Amino acid sequence: MSSIDRSQSAGGTRTYEVRTYGCQMNVHDSERLSGLLEDAGYVRAPEGADGDADVVVFNTCAVRENADNKLYGNLGHLAPKKASRPGMQIAVGGCLAQKDRDTIVKRAPWVDVVFGTHNIGKLPVLLERARVQEEAQVEIAESLEAFPSTLPTRRESAYAAWVSISVGCNNTCTFCIVPALRGKEKDRRPGDILAEVEALVAEGVSEITLLGQNVNAYGSDIGDREAFSKLLRACGNINGLERVRFTSPHPRDFTDDVIAAMAETPNAMPQLHMPLQSGSDPVLKAMRRSYRQERYLGIIEKVRAAIPHAAITTDIIVGFPGETEEDFEQTLHVVREARFAQAFTFQYSKRPGTPAAEMENQIPKAVVQERYERLVALQEEISWDENKKQVGRTLELMVAEGEGRKDGATHRLSGRAPDNRLVHFTKPDQEVRPGDVVTVEITYAAPHHLLAEGAVLDVRRTRAGDAWEKRNTAEQAKPAGVLLGLPKIGVPEPQPAVASGCGCD
């Protein structure tokens, strides 16, 4: 009997832990990895296991300069644990695995499995093969083997879900390595997407986020330039679906029909995340971004005209190679004009394998830091001013789970407004569950959240709340959780509380 067989016999069902780094696409993939493992008979390790699971999976990101150092540091931390635990396995997947391939097992020979972004469905098979053959398995597919939505999934939320509409990206931004690792854009059929949404709603999901590397380019692969706006409108016809969001669009592909669909579809939320990256036309050209400042601000103006209360968020990179003080001032100008609710700001980081990493005129760290601090200070001021405009408004909030870190101490709950602003509200006397909807009046604004300190005006119990209660009861009875059938998708990473992705959309 092998060491792993003995481990299984002694410990019963094997446990797993998935550690996720990077963008929403990785979060989405990790829920599928969890689903695959549970479908294969593994159970989720308790919270805080910290590497004590029988299988630890790293779903990696490759877009930051020190991504590999972080991975190998974590792998090194697990090496002694693995040496002392017969049968433990470690797997590495995601973008860094797609890029580095055989390098991972050379630098960390205790890793059992390396798999890429195109073949996540192979993880259980590769783990078993590594067990039987007692040697590392490295399998990197060069193109997508199966669209991820065909795989089983363990969703993190009972009331909110990702729905992937495409994978890959056709852009060639000079700072981004994602297209090389995720491949060219591949669109799902509209009927398959809507069938998944309807199945999710039937299970109690009331909010979905349409997900793609360049979400509003949807249709280029199927030959329909208005496919994305049609998809938004079709989501509006699904009974029980209360909220529809999407991320992340690209200014190049953001057309008037999409704005009209957002404005005219009742469950399309008044929220838009539109990556800017830079306000300077020369820098945008060097980034190979196919729009300029005037085009970008024109989109913002049209959105605000059609949807006056829309909250607009963005991504900005500071210190791109060759960026002058005048270039940076143009970015500040766009920030002042656009009045973003939030901006996710990044100091430029060399991304190995990208054209920008080889460009001349790399900006000194001290200059980048100083510009970054000026940008953050300006955006903080604008975010606070924009949030103050919400004071006195009556809003419907979808009650959220785990978004108010101080809720226990303050006797509050937290929820998301239609425009996705985070609101902490006074806990009502009656029971309120994640997924339920409450009506509150905003009384105070901070730069990154709102408060509703008065009594809750109304509580609406929802099917989403029922789904949360049913799932929570089941998980208390079986702490490791249960696999929710097909098709499934993940819980959206809340915005604007976290960045939309890698800053490369």
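Owing to the predicted nature of the structure, the values given are computational and were not obtained by experimental measurement.

This part is about the overall build of the protein. Within the protein, the regular secondary structure consists of 16 helices and 21 strands. Going through the 505 residues of the protein one by one, you find that 58% of them count as buried. The contacts in the protein between residues at least 6 apart in sequence include a share of 76% that link residues at least 24 apart. When the accessible area of the protein is evaluated, it comes to approximately 20,500 Å², of which 49% is carbon and sulfur surface.

On a regular strand, one side chain projects to one face of the sheet and the next to the other, so that they alternate. The element strand E16 (residues 412-416) is largely enclosed, with a buried count of 4 among its 5 residues. The pairing of strand E15 (residues 394-399) with E16 spans 2 bridges and is antiparallel. By the bridge assignment for E16, methionine 398 is matched with arginine 416. Summarising the sheet, E16 and strand E17 (residues 422-426) pair through 5 bridges and their orientation is antiparallel. Bridge pairing links glycine 415 to valine 423 in E17. Remark: 5 residues form the turn of the hairpin made by E16 and E17, two consecutive strands paired antiparallel; asparagine 420 in that turn has positive phi of roughly 80 degrees.

Mapped onto this numbering, the UniProt entry annotates "binding site: [4Fe-4S] cluster 1" (unreviewed entry) at Cys23, Cys61 and Cys95. What stands out for the annotated residues spanning 73 residues is how close their C-alpha atoms remain, the widest pair being 10.6 Å apart. Along the chain, the position of cysteine 23 falls in the loop between strand E1 (15-20) and helix H2 (24-39). Cysteine 23 gets classed as buried once you look at its relative accessible area, which sits at 11%. Secondary-structure assignment places cysteine 95 in helix H4 (residues 95-100). By relative accessible area, which is 7% here, cysteine 95 ends up buried. When near neighbours in sequence (up to four residues on either side) are disregarded, cysteine 95 contacts Thr60, Cys61, Ala62, Thr117, Leu181 and Arg182.

Once that is clear, we can look at the pattern of salt bridges. Taken as a whole, this structure holds 30 salt bridges when the rule is applied. Glutamate 386 is the salt-bridge partner of lysine 389, the closest N and O atoms lying 2.9 Å from each other. Relative accessible area serves as the criterion here: at 55%, lysine 389 is assigned to the exposed category. For aspartate 419, the salt bridge is made with arginine 421, and the minimal N-O distance between the two is 2.6 Å. Each of the salt bridges in this network shares a partner with another, and the network as a whole consists of Glu323, Glu325, Glu329, Glu370, Arg371 and Arg374.

Here we come to the pairing of E15. Sheet topology places E15 next to strand E18 (residues 437-441); 5 bridges connect them, and they run antiparallel. Bridging across to E18, glutamate 396 finds its partner in threonine 439.

Procedures and definitions
- Residues numbered from 1 in each chain as written.
- Predicted model: local features only at pLDDT ≥ 70, side-chain atom pairs only at ≥ 80, totals over all residues.
- Heavy atoms only, no water.
- Helix = DSSP H or I, 4+ residues; strand = E, 2+ residues; numbered from the N terminus.
- Buried < 20%, exposed > 50% of the residue type's maximum accessible area, 1.4 Å probe, protein only.
- Contact = heavy atoms within 4.5 Å.
- Areas by Shrake-Rupley, 256 points an atom, 1.4 Å probe, with all protein chains shown as cover.
- Pairing = 2+ DSSP bridges.
- UniProt positions renumbered as here; feature names shortened; annotations may be inferred.
- Salt bridge = Lys/Arg side-chain N within 4 Å of Asp/Glu carboxyl O.

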